[in-house]
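Chain by chain, the residues run as shown.
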Amino acid sequence: MPEQNLSKPDLIHIIGDVITKIDVARGSLPRDNPQRKELDSWRLRLDAKQQILTDAAFDEGTAIYQSVSVNIDGIAKGIKKTIEDVNKTKQTFEDLARLASAVDELLASAAKAV
Amino acid sequence: MSGLLYLIDRKAVLCLIAACVTAGCADQTAYRAPVSTFQDASSVMVHSARIYLTQLNKVERDAYIRRQAANNQHIRLNEIEKKQYFSPEEIAVRLEALNGLSRYGELLGQLANSDAPEKITAGASDLAHSLQKLSSDVSQLTEKPANNKFVNSTGPVVQIVGEVARIAAEKKIQAALDRAILAGEGPIRDLIHAIRDDITIAYERKRNALSAQRVDYVDAYEDSVGASGNSNYDQRKRRADELIAYLDVWESFPLTNPYEGLNAMADAYSALVAYAKSPKAPTDLSSLADQVELFAARANRIGAAIQQLEQNY
């Protein structure tokens, strides 16, 4: 996966990687565990965002696209490092919120481009 | 599908190339083995890609239903409709394009293998006609931005194939072959990449859905834990076996990713172009054969993995 000039399929793959990591984490917890419920909720949200992203079109040469896509890649890498560490739960959920916001920002730029 | 896999016989191809080089065959003959291999490998890739596109809506639909069931939520048909990534028309047009790519490979094979220009002319004209229809169908997709890349990449391919057909009609087989390869590289690569991107997205959505099911299987097993007695042991064992079988599917799923196969297909086209431009020395032919063999190997691996997945899941 390239560090720069990320394409739309690259971003969908990056979000997919986070989702599969979330699945490992929530599959390691009982269903009634509060952390599991929060992970279930984030999984649903990211799944919905990934699906919306599949339908969007971007001008991948714009500065905003490149900036936000690199940001998404960086946040995703951070989540993958912390999500299995029970001592970093707070940071993981904060990063998941940042990831969701970054994807929203990207989708907003797509709406403007079209 | 399995027949296609066995068509690509590496030893036979290498023997043909070696015999051809030794005998100093004419240019037209020299193309035969690699173009035939390319054609067979293309058929495998197109078949694999077709599975992804046709399954995409099912993946989304099934994932929605499983999600609702897992969360004790109601199921609504209008929600299912919203989950469809491609409309039936959008899928049909992509399948038309895939078919066009496959037939274009077939045309290259005919140009390299056939001594009957009339047969080539009829085949090429028929393909050009089909692609004109494709061009018309594609123009209906312009309202949806996600289709832009695919839409923009089909027009040039339609134009080139028509031109090749005209040259072939003049019974200039070698000229038509050179024109097909030389003019075809950029547009064909663009179309392959556009389809590759759509299929990569389909692959990712399927990976997403399969990943979620891992958790469903673990949850089902967990629900059977804790109770005592033989009947519960039987149920627990059944859940454990289901989980084992499912994780085998999950583990092999990355082998089905068509991304590298479609990249190799585009690279093989480029190698055909490079050969057409070359003095056509034995080393040029050998380079072409290597690239096409790499494509065939990837196509075979992906085709076999998809076949295995279809059988097991």
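Residues numbered from 1 in each chain as written. Chains lettered and ligands numbered in written order. Predicted model: local features only at pLDDT ≥ 70, side-chain atom pairs only at ≥ 80, totals over all residues. Heavy atoms only, no water.

Draft legend 1. Geometry of the overall build of chain A. For chain A, the count of helices and strands is 4 helices and 0 strands. Counting from the amino terminus, helix and strand elements in chain A follow one another as α-α-α-α. C-alpha atoms of chain A, sized along the principal axes, occupy 45 × 25 × 20 Å. Residues counted as buried form 49% of the 114 residues belonging to chain A. Contacts spanning at least 24 positions in sequence make up 74% of the contacts within chain A whose residues lie at least 6 apart. Charge centroids of chain A, computed over 16 positive and 18 negative side chains, lie 4 Å from each other. (Helix = DSSP H or I, 4+ residues; strand = E, 2+ residues; numbered from the N terminus. Buried < 20%, exposed > 50% of the residue type's maximum accessible area, 1.4 Å probe, protein only. Contact = heavy atoms within 4.5 Å. Lys, Arg positive; Asp, Glu negative; His and termini not counted. Charge placed at Lys NZ, Arg CZ, Asp CG, Glu CD.)

Draft legend 2. Summary view of the interface of chain B and chain A. The partner chain A presents 24 residues to the 23 residues of chain B that form the contact. Summed over both sides, the interface between chain B and chain A buries roughly 2100 Å², with carbon and sulfur atoms accounting for 50% of that surface. A per-residue breakdown of the area chain B buries against chain A is headed by Arg205, Arg207 and Val215 of chain B, which together make up 23% of the total. For the pair chain B and chain A, the number of links is 6 salt bridges. Across the salt bridge formed by Asp47 of chain A and Arg205 of chain B, the nearest N and O atoms sit 3.0 Å from each other. Here chain B is connected to chain A by 15 residue pairs in polar contact (both at pLDDT 80 or more). Elements supplying a minimum of two residues to the side of chain B that touches chain A: α4 (32-70) and α9 (173-224) of chain B. Tallied by class, the residues present in the side of chain B that touches chain A amount to 8 nonpolar, 4 polar and 11 charged. (Buried area = accessible area lost by both parts, 1.4 Å probe. Salt bridge = Lys/Arg side-chain N within 4 Å of Asp/Glu carboxyl O. Polar contact = N/O pair within 3.5 Å; in protein donor to acceptor, adjacent residues only side chain to side chain. Nonpolar A, V, L, I, M, F, W, Y, C, P; charged D, E, K, R; others polar.)

Draft legend 3. Structural view of the packing of helix α1 (residues 8-26) of chain A against helix α2 (residues 34-55) of chain A. All names here are of chain A. Contact geometry of α1 with α2 gives a least axis separation of 10 Å together with a crossing angle of 165°. Here α1 is positioned roughly antiparallel relative to α2, judged by the angle of their axes. The crossing of α1 and α2 is left-handed. Side by side, α1 and α2 meet where Lys8, Leu11, Ile12, Ile15, Gly16, Val18, Ile19, Ile22, Asp23, Ala25 and Arg26 of the first sit next to Arg36, Leu39, Asp40, Trp42, Arg43, Leu46, Asp47, Gln50, Leu53, Thr54 and Asp55 of the second. A breakdown of the residues in the contact of α1 with α2 according to their chemical character gives 11 nonpolar, 3 polar and 8 charged. (Axes fitted to C-alpha atoms, helices over the stretch in contact; angles between N-to-C directions. Parallel < 35°, antiparallel > 145°, perpendicular 65-115°, else oblique. Left-handed = near helix turned anticlockwise from the far one by under 90°.)

Draft legend 4. The pattern of salt bridges, seen in detail. Throughout the structure, instances matching the rule amount to 29 salt bridges over all chains. Ionic pairing is found between Arg31 of chain A and Asp223 of chain B, a salt bridge with its closest N-O pair at 2.3 Å. In this pair, Arg31 of chain A sits in the loop between α1 and α2 while Asp223 of chain B sits in helix α9, so the two residues belong to two different chains. A relative accessible area of 38% places Arg31 of chain A in the partly exposed class. The class of Asp223 of chain B is exposed, set by a relative accessible area of 55%. Across the pair Glu94 of chain A and Lys90 of chain A runs a salt bridge, and its minimum N-O distance is 2.9 Å. Of this pair, Glu94 of chain A and Lys90 of chain A both sit in helix α4 (residues 89-113), 4 residues apart, which is roughly one turn of that helix. If you follow the salt bridges from partner to partner, you end up with Asp23, Arg26, Arg31, Arg36, Asp40 and Arg43 of chain A together with Asp219 and Asp223 of chain B in one network.

Draft legend 5. Quick look at the environment of Ile302 of chain B. Residues and elements named next belong to chain B. Relative to the assigned elements, Ile302 resides in helix α12 (residues 282-312). Under the relative-accessibility criterion, Ile302 is labelled buried at 5%. For the pair Ile302 and Ser270, spaced 32 residues apart in sequence, the C-alpha separation works out to 21 Å.

Draft legend 6. Spatial organisation of the confidence of the model for chain B. Per-residue pLDDT for chain B averages 80, and the proportion of residues at 70 or more is 86%. Element-level mean pLDDT values for chain B span from 41 in helix α1 (residues 2-7) of chain B up to 89 in helix α10 (residues 230-252) of chain B. (pLDDT = per-residue confidence, 0-100.)

Draft legend 7. Quick look at the packing of aromatic side chains. Here the structure, examined in full by the defined rule, presents 5 aromatic pairs over all chains. Aromatic side chains Tyr203 of chain B and Phe253 of chain B sit 4.7 Å apart centroid to centroid with 5° between the ring planes, which places their arrangement in the stacked category. Highlighted residues: Tyr203 of chain B in helix α9 and Phe253 of chain B in the loop between α10 and α11 (259-277), separated in sequence by 50 residues. Both residues of the pair, Tyr203 of chain B and Phe253 of chain B, belong to the buried class. On the numbers, 4.6 Å between centres and 20° between planes, the contact of Tyr217 of chain B with Tyr246 of chain B is stacked. Of this pair, Tyr217 of chain B sits in helix α9 while Tyr246 of chain B sits in helix α10, and the two are 29 residues apart along the sequence. In this arrangement the basic side chain of Arg45 of chain A is found over the ring face of Trp42 of chain A, its NZ or CZ atom lying 4.1 Å from the centre. Over the face of the ring belonging to Trp250 of chain B we find Arg214 of chain B, whose NZ or CZ atom lies 4.2 Å from the ring centre. (Phe/Tyr/Trp six-rings, centres within 6.5 Å; stacked < 30°, edge-to-face > 60°. Lys NZ or Arg CZ within 6 Å of the ring centre and 35° of its normal.)

Draft legend 8. Region of the structure containing the nonpolar core. In terms of nonpolar packing, the biggest core is built from 113 residues, with Ile72 of chain A together with Tyr104, Leu108, Leu111, Phe150 and Phe295 of chain B touching the most fellow members. Element by element, the count of residues in this core is highest for α9 of chain B, at 16 residues. (Core = buried A, V, L, I, M, F, W, Y, C linked by side-chain atoms within 4.5 Å.)

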